[in-house]
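Tertiary structure, described
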Amino acid sequence: MSAITTDAPQSTLSRIIAAGTHQRVLAFASLIVLLIGFSVASPNFMQTSNMLAILQATSVNGVLAIAVTLVIITGGIDLSVGTMMTFCAVITGVVLTYAGLPLMFGVIAAVLTGALCGACSGTFVAKMAIPPFIATLGMMLILKGLSLVISGTRPIYFNDTPGFSEISRGSLIGEIIPSVPIPNGVLILFIVAAVTAYILNRTVLGRYCFALGSNEESVRLSGVNTDRWKIAIYALAGSIVGIAGLLIASRLNSAQPALGLGYELEAIAAVVIGGTSLSGGRGSILGSLIGALIMAVLTNGLRVLSVAQEWQTVVTGAIIILAVYADMMRRNKTT
Amino acid sequence: MTYLVEMKGIEKRFPGVHALKAVQFDLKPGEVHALMGENGAGKSTLMKIMSGIYSRDGGEMFVDGKPVSPDSPRAAQDLGIGIIHQELSLMNDLTAAQNVLIGREPRRGFGRLDEPALNAKVAEIFASLNLAMDPQTRVSSQTIARQQLIEIAKALSYNPRVLIMDEPTAALNDIEITELFKVIEKLKGDGVGIVYISHRMDEIKRIADRVTILRDGAYIDTVEAADTPLTKIIQLMVGREVSQNTPVIPDTSQNPVALEVRNLSRGKEVRDVSFNVRKGEILGFAGLMGAGRTEVARIIFGADPRITGEILVAGQPVDIRTPHAAVEAGIGYLSEDRKHFGLAVDMTVRANIAMANLVHFTSRAGVLNEAAMKDTAIRYIDQLGIRTPSDMQQVRLLSGGNQQKVVIAKWLLRDCDVLIFDEPTRGIDIGAKSEIYALLEDLAAQGRAIIVISSELPEVMRLSHRIAVMCEGRLTGILPGGADTTQEQIMELATQRDSAPLVSEEV
């Protein structure tokens, strides 16, 4: 082993590039191109109000995408985040409107409900060895049904809880610096992103996310309690979904029990556009954030250009296929 | 003296297989104990029991004279037993350091990782192994050989008292092997007991103190390495009719060439391979794991792209880019993994035989002709002696040997002139093996050209009219079949590595 070449210590830059961030760089470049393209095409696009609208529109999908990213990096998938979000909102409604408890209890209820639902999915996957696709498909339907049952299929309004709508629509930053009225929903998105990125890159939980997605059997044979960590990861993802539930309930000032289906696919799309590999082991929160922004910019920009909504959906689908194809091309080249 | 590890009367059964029959094994501190046997003899199973990956169905195990039953890899690690697996089991997306200390990451509290401490610790381990590698390098960027070294560093980081090495040199070159042996000598000096599994006879002589031989899941003997000739060890390993396995080799030198391959190359996996097979001939392919034999077959069959080279069928150049094109050109490939690539195991024998040739059983309106499929299936069941209650039996209920015959029937129906068999008897019991051998010989006698890839030397020697040997993607020689060729001659070609170390090419 001595007669072998010495690895030159890599620079941080080269290491970041080697870490397979091409897709993220590509996604970021696409975002910039989209922003420039739309602002050239329409003078209304680059308005501050429109930019804030885009950010606000990103917040729910962005938070969901962050949650799904964790699960996808482990090599799994979570189809239940859309209806889980609704379920968390409904439980919050029960706590705040039906029981009349103070605001803080609603927030805690949402996060705990999400964590509990996630732990359930995680248990199905880890302990009962049900494929993540099936386990979370089941959870998706269970939670959708429970939301309707608990709410009696009627929306629960938060009119009695002053300040609830401020969670998403108010602006703490705007109160301090009136010229940048960034809504709280967006602030929460960025805080969630920063905290999750830290967990993913700097803690044991994050390390096992990547390790499980990379080679689960090997992690198990190394003496790690993989079941426990997997349940913890799904639970963390669930608690983030709980935050998304608060955001959407606050924005609508109500828990809409029929809402939720379809959100999971938008979140997965954002993750994929951001360069997280669906086969696990690779991915980043920043990428998913960019992915969610791309989708919001696209929808908003096409609307500003008065493109019919039906066509916006077509374009989003095409973008997903292109993004994954670009990722596959890069991968084939390196292996 | 007390043994470091002692195993007595170990039993293990898998569905349909009695994998270990009252096997015994012991290990002293500071010795290298080689575990020898053919594929399927039970070596890896025994070691997986010792390292807590499998649980035993019977027998006793002692560590330092105390009875133990490690029920998980973690429990075995706590007993001081570490294992380096045959298949690489690293996490490719993580760095070398993150791999080595997986599950034991230095922490800062609240589950936060101490990455600098992690890297420093692993750098220390690498240094003690004389291994020049940046701990922060990503595993997927390393060659197979260097990944193997990371795996070894990982096992040593547990400071094991017992270290099991399952074919640790399968991917290493001579210089790396020498370095590995230095590490083994050092561990011996520290009193570590080492179980060494390898197919390479020369290595056994170089480092083993004692040798235990297993055959077909049974314990055969334990001998001192120093005063036992290699031929004796081989004889104990093979056991059965070593001498009478030389077939009558027909003279095929005047037959027309069925398949010729010229200068086939693809990266490092296949390098400038040229050979031909004549009609009626069985050409064997021998070599170690990763020698590139399957890769050659997959390129010929169009399953993987070739970079350079020519393929000629019956003297005509053909451009094969897909398996479909290969079949059109009359080339069939029977994969080593029957269950994944060869059979639809939940379907019937009849459906499987007809599968690759459904067009012939389909009327113009697109309706399947079950009667014709039944006739054909029954014809092949008779012809190949497939033991099945009926042609409507599900394939998964057949034995391995009969499943293989169904695959062969499927390809015979395609009427291919060239048939490539990749590990045709893997997972098949000894009785059924000879039937498959007879079948292959029949096919050759009918004028087909047969290529057999096998990791079992006795099998290659038993079947082949000529033996092609590969090493590190190169064809290192073609030997005549029959009694004049010895295992040693084949092994010499199979280990004829480049004089330059593998890694220097990358500089």
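Residue numbering note: each chain is counted from 1, following its sequence as written. For naming, the first written chain is A and the first written ligand is 1, with later ones following in the order written. For a predicted model such as this one, the threshold for reporting local features is a pLDDT of at least 70, and the threshold for listing and counting side-chain atom pairs is 80 or more; totals across whole chains, interfaces and linings nevertheless cover every residue.

Considering the overall build of chain A
To be explicit about the condition: The secondary structure listing takes helices from DSSP runs of H or I that are at least 4 residues long and strands from runs of E that are at least 2 residues long, numbered from the N terminus. As a reference, a globule follows 2.2 Å times the number of residues to the power 0.38, and the radius of gyration itself is taken over C-alpha atoms. Each residue is classed by its C-beta neighbour count within 10 Å, where at least 20 other C-beta atoms makes it buried, 12 or fewer makes it exposed, and intermediate counts make it partly exposed; the C-beta atoms are placed from backbone geometry.
The helix and strand inventory of chain A stands at 14 helices and two strands. The C-alpha radius of gyration computed for chain A amounts to 21 Å, which stays within 12% of the reference 20 Å derived for 335 residues, consistent with globular compactness. Overall size of chain A, expressed as C-alpha extent along the three principal axes, is 75 × 55 × 40 Å. Going through the 335 residues of chain A one by one, you find that 51% of them count as buried.

Here we look at the nonpolar core
Put simply, the rule is: Any set of buried Ala, Val, Leu, Ile, Met, Phe, Trp, Tyr and Cys residues joined through C-beta atoms within 7 Å is what this text calls a nonpolar core. Here contacts are defined at the residue level, using C-beta atoms placed from the backbone and a cut-off of 7 Å between them.
By size, the foremost hydrophobic cluster in this structure holds 157 residues, and its most contacted members are A:Val63, A:Leu64 and A:Val68. It is helix H11 (residues 226–252) of chain A that provides the largest number of residues to this core, a total of 16 residues. Residue contacts for A:Val63: discarding those within four places in its chain leaves A:Leu189, A:Val192, A:Ile240, A:Ile243, A:Ala244 and A:Leu247. Residues B:Ala326, B:Ala329, B:Leu440 and B:Leu475 belong to the second largest nonpolar core, which totals 71 residues.

Observations regarding the environment of A:Phe124
Residue and element names in this part refer to chain A. Looking at the element boundaries, phenylalanine 124 is found in helix H5 (residues 103–126). C-alpha separation for the pair phenylalanine 124 and alanine 135, spaced eleven residues apart in sequence, amounts to 6.1 Å. If sequence neighbours within four positions are ignored, phenylalanine 124 has contacts with Ile130 and Ala135.

Quick look at unusual backbone geometry
Residues and elements named next belong to chain B. Positive phi outside glycine occurs at asparagine 263, with the angle close to 50°. With respect to the secondary-structure elements, asparagine 263 resides in strand E11 (residues 257–266). Among the residues examined, asparagine 263 registers 12 C-beta atoms within 10 Å and is labelled exposed.

Points about the domain arrangement of chain B
By a frequent convention, interface size equals the accessible area lost on bringing the separate parts together. Residues and elements named next belong to chain B. For the record, the criterion: Residue ranges labeled as domains rest on an automatic or database domain assignment. In this classification, the charged set is Asp, Glu, Lys and Arg, the nonpolar set is Ala, Val, Leu, Ile, Met, Phe, Trp, Tyr, Cys and Pro, and all remaining amino acids, among them Gly, are polar.
Partitioning chain B into structural domains gives domain 1 (5–243), domain 2 (248–330 + 417–424 + 448–507) and domain 3 (336–415). Here the C-alpha centre of domain 3 lies 28 Å away from the C-alpha centre of domain 2. Between domain 2 and domain 3, the contact holds six residues from the first and four residues from the second. Classifying every residue of the side of domain 2 that touches domain 3 by side-chain character gives three nonpolar, one polar and two charged.

Details of the packing of helix H9 (residues 184–202) of chain A against H11(A)
All names here are of chain A. We count it as follows: Here an axis means a line fitted to C-alpha atoms, over the contact stretch when the element is a helix, while the angle between two N-to-C directions is reported on a 0 to 180 degree scale. Geometric relationships in this document are graded by angle, where less than 35 degrees denotes roughly parallel, more than 145 denotes roughly antiparallel, 65 to 115 denotes roughly perpendicular, and other angles denote oblique.
Remark: H9 packs on H11, axes separated minimally by 11 Å, with the N-to-C direction vectors making an angle of 175°. The angle between the axes of H9 and H11 places the two elements in the roughly antiparallel class. Every residue of H11 that contacts H9 at Gly185, Ile188, Val192 and Thr196 is listed here: Ile240, Ile243, Leu247 and Arg251. Its residues placed into classes, the contact of H9 with H11 shows five nonpolar, two polar and one charged.

As for the confidence of the model for chain A
Residues and elements named next belong to chain A. Heads up, the condition is: The pLDDT value tells you how sure the predictor is about a given residue, anywhere from 0 up to 100.
In the predicted model, chain A carries a mean pLDDT of 88, and 91% of its residues have values of at least 70. Here residues 1–11 is modelled with pLDDT under 50, and outside its nearest four sequence neighbours on either side it reaches 25 contacts, counting other chains as well. Counting interchain partners and residues more than four positions distant, the pLDDT-below-50 stretch residues 13–19 has six contacts.

Considering the pairing of strand E14 (residues 308–313) of chain B
Residues and elements named next belong to chain B. The line we're drawing: When DSSP finds two or more bridges between a pair of strands, those strands are recorded as paired.
Pairing geometry for E11 and E14, over five bridges, is antiparallel. Bridge pairing links serine 265 to threonine 308 in E14. Where E14 and strand E15 (residues 316–318) come together, three bridges link them in antiparallel fashion. Paired with valine 313 across the two strands is glutamine 316, which belongs to E15. What sits between the antiparallel neighbours E14 and E15 is a turn of two residues, in which alanine 314 has the positive phi angle 50°.

Some details on the sheet that holds strand E20 (residues 474–480) of chain B
All names here are of chain B. Strand order in the open sheet formed by six strands is E16-E17-E18-E13-E19-E20, and the pairing between neighbours is mixed. Only two strands of the sheet have a single partner each, and these edge strands are strand E16 (331–334) and E20. When the angles between neighbouring strand axes are averaged without regard to direction, this sheet yields 20°. Summarising the sheet, strand E13 (residues 282–287) and strand E18 (residues 449–453) pair through four bridges and their orientation is parallel. Bridging from a neighbouring strand, isoleucine 282 pairs with isoleucine 450 of E18. Contacting E13, strand E19 (466–471) and E20, helix H17 (residues 487–494) crosses the sheet at an angle of about 35° to E19.

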